[in-house]
Amino acid sequence: MASESKEVVKEFPFFKVYEDGRLEFLMPPVEKIPPSDDPDTGVRSKDVVVSLDPPVSARIFLPRIPDPARKLPLLFYTHGGGFCTQSAFSRRYHDFVSTVAAEAGAIAVSVEYGLFPSRPIPACYEDSWAALRWVAGHAGGDGAEPWLNEHANFGQVFIGGESAGGNIPHTLATRVGSIGLPQGVKVAGIILVHPFFGGTVDDQMWLYMCPTNGGLSDPRLKPAKEDLARLGCEKVLVFVAEKDHLREAGNGYYEELKKSGWRGSAELVENVGEEHCFHLRDPEYEKAVELKDKLVSFIKDNRSI
């Protein structure tokens, strides 16, 4: 039996590639937790199957319903993890999305998209688009999921995520602007928290994980002006962290968006003195609470009265 090669030919922030093609991931496997009902916040959660082939699922969070006659804004969330790790079902993302759902009074759908290497990029984009279309298919009140039929306001949809998951909403919003969603569905805004885009040391990792890439000018890596101009939403909120190596990528996205001719309004928030996705490591930290509160207010302030 041939011995495994010990020569590393490529080394990326999330994994190493050996000469024989073997991959070694640098982070431990992610532990997933089941959906649950939170007696403190009143948020209930359940898992749903979006597609069997390819396998796409999601976790839905339903907050307390103070007025059954009033529909709730909908947050469609894409988790981070470098396109190769993490999960909508991990405690980190379960707790964060549940908290946002509770405080924003929004029904949230956190998508479990395909990850490299079992499903290379562009699976993350295609799965998320399929999940968004599945959610939008409930706008007529006759979809497969009762919580969405009964409680979601499809005129107030928000798409958000952080890091790798802060990159995906851009591609989704460009498709909304060019392809569209079913009648009655309106994306009010997108939320990009410490988003990944091109121009950093992570570029080569993204290119490696996407065999069909278009090089450094790939519009998912470096958003094209025409794609920015047709974003299918009214508002964009971008967070950057001062000590984050992705800071300039987020700043650049914001500046290019303003110059693109897009007719919506954009806001940039800098988390001074903070590192990449700091808010997920210690949710009780004062500045983490500030970030979460800003995200929540973006949803609450832009929902219909």
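Above this text you will find the structure in question.
This section reports on the structure supplied with the text. Nothing here was measured: the structure is a model prediction, and the numbers come from that model.

## Considering the sheet that holds strand β10 (residues 235–241)
Right, so step 1: Within the open sheet, the eight strands sit side by side as β4-β5-β7-β6-β8-β9-β10-β11. Their pairing is mixed. For this open sheet the edge positions go to β4 (44–51) and β11 (265–271), each flanked by a neighbour on one side alone. The mean inter-strand angle of the sheet, taken between neighbouring strand axes irrespective of direction, is 20°.
Right, so step 2: Pairing of strand β6 (residues 72–78) with strand β7 (residues 107–112) involves five bridges; the strand directions are parallel. Following the sheet pairing, Y77 is matched in β7 by S110.
Right, so step 3: Its contacts with the sheet place helix α1 (residues 91–104) against β4, β5 (56–62), β6, β7 and β8 (152–162), and it is angled at close to 40° to β5.
Right, so step 4: The strands touched by helix α2 (residues 123–136) are β4, β5, β6, β7 and β8; relative to β6, the strand with the most contacts, the crossing angle is about 165°.

## Examining the nonpolar core
Buried together is how nonpolar side chains tend to be arranged in soluble globular proteins.
Right, so step 1: By size, the foremost hydrophobic cluster in this structure holds 65 residues, and its most contacted members are F76, F83, L148, I190 and Y253.
Right, so step 2: Ignoring any residue separated from it by four or fewer positions in sequence, one finds F76 in contact with V109, V111, S128, A131, L132, V135, F158, I159, G160 and L172.
Right, so step 3: Core analysis: the next-biggest nonpolar cluster, separate from the first, contains 28 residues, Y77, V97, A188 and F239 among them.

## Quick notes on the environment of A104
Right, so step 1: Mapped onto the elements of the fold, A104 is located in helix α1.
Right, so step 2: Considered as a pair, A104 and L72 are 32 residues apart in the sequence and their alpha carbons are 9.3 Å apart.

Parameters at a glance
Residues numbered from 1 in each chain as written. Predicted model: local features only at pLDDT ≥ 70, side-chain atom pairs only at ≥ 80, totals over all residues. Heavy atoms only, no water. Pairing = 2+ DSSP bridges. Helix = DSSP H or I, 4+ residues; strand = E, 2+ residues; numbered from the N terminus. Axes fitted to C-alpha atoms, helices over the stretch in contact; angles between N-to-C directions. Contact = heavy atoms within 4.5 Å. Core = buried A, V, L, I, M, F, W, Y, C linked by side-chain atoms within 4.5 Å. Buried < 20%, exposed > 50% of the residue type's maximum accessible area, 1.4 Å probe, protein only.

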